[in-house]
Amino acid sequence: MLDKNSENILKIINDIAPEGFKIFNCDDFLNCEVEKGISDLAEKNYVNLKYSGEGEYLLSLTASGKQYFKIKQEECTSKGCLLRKVALFSFLGAFFAGVAVQLLLLLLGINNG
């Protein structure tokens, strides 16, 4: 797994240049530690770094970089994200059931307090 900084940089590269090489500059990576993140991604074989200098980087995604978010999405659906969805829908179901009961009591004219 990547740290948050490297993951944000990889997402930006994936969004801007999913295929082939592109020149990026530091402004493309808002609020990221660019040097550390790009070197981390290159070291872990998520990006190809052809050039680096004066705040510019010639980068492309590797096959691993392209697969990172697909794999993460699959993990998300199989683990914690499913639990979050169940919790959300349980809460919403209970909330709307309570609203329905209150409306029914109101329509029937039953005073509950």
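Residues numbered from 1 in each chain as written. Predicted model: local features only at pLDDT ≥ 70, side-chain atom pairs only at ≥ 80, totals over all residues. Heavy atoms only, no water.

## A look at the pairing of strand E2 (residues 47-53)
Remember that side chains alternate between the two faces of the sheet whenever the strand is regular. Note the cut-off: A pair of strands is labelled paired if DSSP reports no fewer than 2 bridges between them. For helices the rule is a DSSP run of H or I covering at least 4 residues; for strands it is a run of E covering at least 2, with both sets numbered from the N terminus onward.
Sheet topology places E2 next to strand E3 (residues 56-61); 6 bridges connect them, and they run antiparallel. Across the sheet, Gly 53 pairs through a bridge with Glu 56, a residue of E3. Two successive antiparallel strands, E2 and E3, enclose a turn made up of 2 residues, where Glu 54 displays a positive phi of approximately 50°.

## Things to note about the environment of Glu 19
Inclusion rule: With a 1.4 Å probe rolled over the protein chains alone, any residue whose accessible area is under 20% of its type maximum counts as buried; one over 50% counts as exposed, and the rest are partly exposed. Two N or O atoms count as a polar contact when they lie within 3.5 Å, although within protein this holds only if one can serve as hydrogen donor and the other as acceptor, and sequence-adjacent residues are included solely when both atoms are side-chain atoms.
Looking at the secondary structure, you find Glu 19 in the loop between helix H1 (4-16) and strand E1 (22-25). Owing to a relative accessible area of 60%, Glu 19 belongs among the exposed residues under this scheme. A sequence separation of 41 residues divides Glu 19 from Ser 60, and the C-alpha atoms of the two residues are 7.0 Å apart. At a separation of 3.3 Å, a polar atom in the side chain of Glu 19 contacts the side chain of Lys 66.

## A few points about the nonpolar core
As a reminder, the rule being used: The criterion is simple. A nonpolar core is a set of buried Ala, Val, Leu, Ile, Met, Phe, Trp, Tyr and Cys residues joined through side-chain atoms within 4.5 Å.
Ranked by size, the top nonpolar core spans 17 residues in total, and within it Leu 10, Ile 13, Phe 29 and Leu 59 carry the most contacts. Going through the elements one at a time, H1, helix H2 (34-43) and E3 are the ones with two or more residues in this core.

## Observations concerning the confidence of the model for the chain
The condition is simple: What pLDDT conveys is the predictor's confidence in a given residue, as a value from 0 to 100.
On average, residues of the chain score 85 in pLDDT, and 91% of them reach the 70 mark or higher. Within the chain, the element-level pLDDT minimum falls on helix H3 (residues 63-78), averaging 80, and the maximum on E3, averaging 91.

## Things to note about a nonpolar patch on the surface
Under the convention used in this document: Exposure above 30% relative accessible area and no salt bridge define the residues that can form patches, which grow by joining like charges within 9 Å and nonpolar side chains of Val, Leu, Ile, Met, Phe, Trp and Tyr within 5 Å. Computed with a 1.4 Å probe, the accessible areas rest on the Shrake-Rupley method; for each residue, only the protein chains presented here act as cover. By salt bridge we mean one thing: a side-chain nitrogen of Lys or Arg within 4 Å of a carboxyl oxygen of Asp or Glu.
On the surface, Phe 91, Phe 95, Phe 96, Val 99, Leu 103 and Leu 106 cluster together into a nonpolar patch covering about 650 Å² of accessible area. Along the chain, the position of Val 99 falls in helix H4 (residues 80-108).

## Here we look at the environment of Ser 6
The line we're drawing: By definition in these notes, contact holds between two residues if any of their heavy atoms fall within 4.5 Å.
Checked against the element boundaries, Ser 6 lands in helix H1. The class for Ser 6 is buried, based on a relative accessible area of 1%. C-alpha separation for the pair Ser 6 and Tyr 46, spaced 40 residues apart in sequence, amounts to 9.9 Å. With residues near it in sequence (within four places) discarded, Ser 6 still touches Gly 37, Asp 40 and Leu 41. Within the structure, Ser 6 has its side chain in polar contact with the side chain of Asp 40 (distance 2.8 Å).

## A short note on the packing of aromatic side chains
Where we set the bar: Pairing of aromatic rings covers Phe, Tyr and Trp, the last counted by its six-membered ring, and requires centre-to-centre distances within 6.5 Å; plane angles under 30 degrees mean stacked, over 60 mean edge-to-face, and any other angle means tilted. Criterion for a charge above a ring: Lys NZ or Arg CZ within 6 Å of the ring centre, and within 35 degrees of the ring normal.
Counting across every chain of the model gives 5 aromatic pairs. On the basis of an interplanar angle of 80° and a centroid distance of 5.5 Å, the ring pair of Tyr 46 and Tyr 68 is categorised as edge-to-face. Here Tyr 46 is found in the loop between H2 and E2, whereas its partner Tyr 68 is found in helix H3, with 22 residues between them in sequence. Comparing Tyr 46 with Tyr 68 shows no difference in burial state: the two are buried. Members of the aromatic cluster, connected to one another through ring pairs, are Tyr 46, Tyr 68 and Phe 69. Sitting over the ring of Phe 24, Lys 22 keeps its end group 5.5 Å from the ring centre.

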